[in-house]
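Each chain is listed here by its residues.
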Amino acid sequence: MYDVIVIGAGSGGLNIAVFMNMLKLNVLLIDKSDPNIGGDCLNTGCIPSKALLHVASLIQKGEEAKRFGSYSKKNTNLKKVMEYVKNQQHIIREHENAFYFKQKGIDVVLGHAKFISDRSVVVNNDIFVGKKIIIATGSRPRKLDIPNANKVKFLTNESIFELTKLPKRLLVLGGGPIGIEMAQAFQRLGTSVTVLHTGSMILNKEDPEIAEVVYDQLKKEGVEFILNAKPLAFDSSKILVFEDGKQHERRIHFDEILLSIGRTPNVDHLDVEKAKIKILDNGNLKLNKYLQTTNKRVYVLGDAAGSFMFTHAAETQASQMIKNFFSPFRKKITYENMAWVTYTDPEIATFGISEQDLQTSQKKFRKVIVPFTDDDRAITDEYQFGKMILFVCKKGLLLGGSVVAPKAGEIIQELLLAKSKNIKLTELYDKIYPYPVASRINRSAASLLLREKLTPRTKKFLKWIFNMKK
Ligand SMILES: Cc1cc2nc3c(=O)[nH]c(=O)nc-3n(C[C@H](O)[C@H](O)[C@H](O)COP(=O)(O)OP(=O)(O)OC[C@H]3O[C@@H](n4cnc5c(N)ncnc54)[C@H](O)[C@@H]3O)c2cc1C
């Protein structure tokens, strides 16, 4: 009998297990195997993809440095690149493994967990009973269901970091964040990448004006895009037939194909019916605003909950869940301060409420567009193409927004603070920004709003005061 059983030792599960254990509660952590600990983020997601993008950016920089005559591109050794990726993962794995957590006092069981009743799970024929059970089993790549797909050996985020030879032609199916990050990484490493995407612009969840900046940049680097396309069937294991935007049937040859068309929550292999947990028609588990299933002892978090599939979303859910376990007043889990970053170069960082949601909610807001054309740092570092779009309410408080620029994820940090702590955007103007830090663009946004306050009447009044003073 445990106080808490956590199924899945990824970003969400580890957060909750470590905290509950700190409170000296009796915690059982279950994952399929020791190398699985750390979940998608460490093993097949955030960490390997960001390490790969880092190497790709070094190679790209070398290539760009040719302009100054100092570099000549050699063939990328993908084996060495992936060794680097694995090494960076290994550094993190030193504090994310079964032995480490056992030493901290958490019971760790390795194997596949399944429910056998409303309060118990079975792993390798052993039965464990929990007062509370947390499902934190993550997600997996969505399958492509078209004729002959079963004859194709797809790459996914689970296998792409195992490649040791650079593919000549990589076809990326799906222009979401995973597909686009990998497209840029492989193009920069030396592969010819084509992205086939169903929508009219990549990165559907972003403002098209913002996504277009990354689209243009990737195109400049040589990535080919086929938009408004619909995969129809595979002609062979290396040829995809698809319908293009003009309803013409076309064929594309590839050496490797990356499947990145979305993610499916891992909740269908847990025998949840035995725990009286209701499954919705779309296959997700029915959850209330506290991420509780129809069995009040069982909670879900992270990708398995099927909402925002990010490491920090899992962390946020875990921390609110913990607060609710101990507070007499439970708080619903809300996402109005959610933010995310697509780690392409340039990055896209988005936070708060989208323009579409603001329009639907009929909330009054102003759209502030801040170009980077006159930003001194953008000029020195060649990113005048950058763009910032902010949504501000009448009181001057931030509602949401997006930035596309190198390191946009760092630039928006103070905007996130301002949004979550109800600090007016104009208040940033008085902060000292060492010249020329990239985040001075936030001051430009504040200055744009302040300048609007300078009506002809105010200007006249200020002039009068100036002339009155000796
Ligand atoms: C390529 C890629 C790049 C990404 N980059 C980013 C990024 O830069 N930033 C970001 O915020 N997010 C990123 N993500 C998303 C992020 O990885 C996930 O949102 C996050 O890992 C979800 O955490 P989780 O705890 O829900 O699931 P996971 O971390 O996946 O953990 C689930 C765990 O449950 C275990 N498990 C599953 N079923 C069972 C079972 N029946 N019994 C026992 N154990 C089980 C699995 O082995 C796994 O270890 C990326 C994802 C991918 C695929």
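Here the structure is a predicted model, which means the values were calculated and not measured.

Caption draft 1: Focus on a positive patch on the surface. Together, Lys-278, Lys-286, Lys-296 and Arg-330 give the surface a local cluster of positive charge. Structurally, Lys-296 can be placed in the loop between strand E15 (263–265) and strand E16 (298–300). The exposure class of Lys-296 is exposed, given its relative accessible area of 51%.

Caption draft 2: A look at the site of the ligand. Near the ligand, the surroundings consist of 36 residues, among which Gly-12, Asp-31, Asn-36, Lys-50 and Asp-303 are the closest. A distance of 2.7 Å separates an oxygen atom of the ligand from a polar atom in the side chain of Asp-303. Of all the elements in the fold, those that place two or more residues in the shell around the ligand are helix H1 (11–22), strand E2 (27–31), helix H2 (39–43), helix H3 (46–64) and helix H8 (311–326). A breakdown of the residues in the shell around the ligand according to their chemical character gives 12 nonpolar, 18 polar and 6 charged.

Caption draft 3: Molecular detail of the sheet that holds strand E17 (residues 339–342). In spatial order, the strands read E17-E18-E21-E20-E19; together these 5 strands make up an open sheet with antiparallel pairing. Of all the strands in the sheet, the pair left with one neighbour each is E17 and strand E19 (366–371). Put simply, the sheet's adjacent strands are angled 10° from each other on average, direction ignored. Where helix H12 (residues 413–420) meets the sheet, it contacts E17, strand E18 (347–352), strand E20 (387–392) and strand E21 (398–405), and its direction lies at approximately 175° from that of E21.

Caption draft 4: View of the pairing of E18. Of all 6 residues that make up E18, 6 are buried, and the element is covered over most of its length. Pairing analysis gives 4 bridges linking E17 to E18, with the strands arranged antiparallel. Paired with Ala-339 across the bridge in E18 is Phe-351. Linkage of E17 to E18, two consecutive antiparallel strands, is achieved through a turn of 4 residues. One ladder, built from 6 bridges, connects E18 with E21; its direction is antiparallel. Its bridge partner lying in E21, Ala-349 is registered against Val-403.

Caption draft 5: Here's a closer look at the sheet that holds strand E10 (residues 224–226). Pairing in this open sheet of 4 strands is parallel, and the strands run E10-E9-E8-E14 from one edge to the other. For this open sheet the edge positions go to E10 and strand E14 (256–259), each flanked by a neighbour on one side alone. With strand direction ignored, the average angle separating the axes of adjacent strands in the sheet is 20°. When strand E8 (residues 169–173) meets strand E9 (residues 192–196), the two strands line up parallel, connected through 5 bridges. For Leu-173, the partnering residue across the bridge sits in E9 and is Leu-196.

Caption draft 6: Main features of the environment of Asn-157. As for its placement among the helices and strands, Asn-157 is situated in the loop between strand E7 (139–141) and E8. What makes Asn-157 buried here is its relative accessible area of 8%. Residues Asn-157 and Arg-377 lie 220 residues apart in sequence; the distance between their C-alpha atoms is 35 Å. Contacts of Asn-157, omitting those with residues within four sequence positions, involve Asp-40, Thr-44, Pro-141, Leu-258 and Arg-263. In terms of polar contacts, Asn-157 uses its side chain to reach the backbone carbonyl oxygen of Thr-44, at 2.9 Å. Within the local environment of Asn-157, its side chain forms a polar contact with the side chain of Arg-263, the two groups lying 2.9 Å apart.

Caption draft 7: Representation of the packing of aromatic side chains in the model. Using the criterion set out here, one finds 13 aromatic pairs in the structure. Measuring from centroid to centroid gives 4.7 Å for Tyr-215 and Phe-225, while their planes differ by 45°, and the two rings are tilted. Taken together, the residues span a long stretch of sequence, with Tyr-215 in helix H7 (residues 208–220) and Phe-225 in strand E10 at a distance of 10 residues. Residues Tyr-215 and Phe-225 agree in their burial class; the two are buried. Their ring planes at 10° and their centres at 5.8 Å tell us that Phe-310 and Trp-340 sit as a pair that is stacked. Of this pair, Phe-310 sits in the loop between E16 and H8 while Trp-340 sits in strand E17, and the two are 30 residues apart along the sequence. Phe-310 gets classed as partly exposed once you look at its relative accessible area, which sits at 24%. An aromatic cluster of at least three residues, connected via ring pairs, comprises Phe-308, Phe-310, Tyr-335 and Trp-340. A cation over a ring is seen here: Arg-330 above Tyr-290, with NZ or CZ 3.7 Å from the ring centre.

Caption draft 8: Fine view of the state of the cysteines. Across all of its chains, the model carries 1 disulfide by this definition. Between the sulfur atoms of Cys-41 and its disulfide mate Cys-46 the distance is 2.4 Å. Torsion about the S-S bond of the Cys-41 and Cys-46 cystine: about -125°, corresponding to left-handed handedness. On the basis of relative accessibility, which here comes to 15%, the residue Cys-41 falls in the buried class. Overall, the relative accessible area of 27% leaves Cys-46 in the partly exposed class.

The rules we used
- Residues numbered from 1 in each chain as written.
- Predicted model: local features only at pLDDT ≥ 70, side-chain atom pairs only at ≥ 80, totals over all residues.
- Heavy atoms only, no water.
- Patch = residues over 30% accessible without salt bridge, like charges linked within 9 Å, V, L, I, M, F, W, Y side chains within 5 Å.
- Areas by Shrake-Rupley, 256 points an atom, 1.4 Å probe, with all protein chains shown as cover.
- Salt bridge = Lys/Arg side-chain N within 4 Å of Asp/Glu carboxyl O.
- Lys, Arg positive; Asp, Glu negative; His and termini not counted.
- Charge placed at Lys NZ, Arg CZ, Asp CG, Glu CD.
- Helix = DSSP H or I, 4+ residues; strand = E, 2+ residues; numbered from the N terminus.
- Buried < 20%, exposed > 50% of the residue type's maximum accessible area, 1.4 Å probe, protein only.
- Near = heavy atom within 4 Å.
- Polar contact = N/O pair within 3.5 Å; in protein donor to acceptor, adjacent residues only side chain to side chain.
- Nonpolar A, V, L, I, M, F, W, Y, C, P; charged D, E, K, R; others polar.
- Pairing = 2+ DSSP bridges.
- Axes fitted to C-alpha atoms, helices over the stretch in contact; angles between N-to-C directions.
- Contact = heavy atoms within 4.5 Å.
- Phe/Tyr/Trp six-rings, centres within 6.5 Å; stacked < 30°, edge-to-face > 60°.
- Lys NZ or Arg CZ within 6 Å of the ring centre and 35° of its normal.
- Disulfide = S-S within 2.5 Å.

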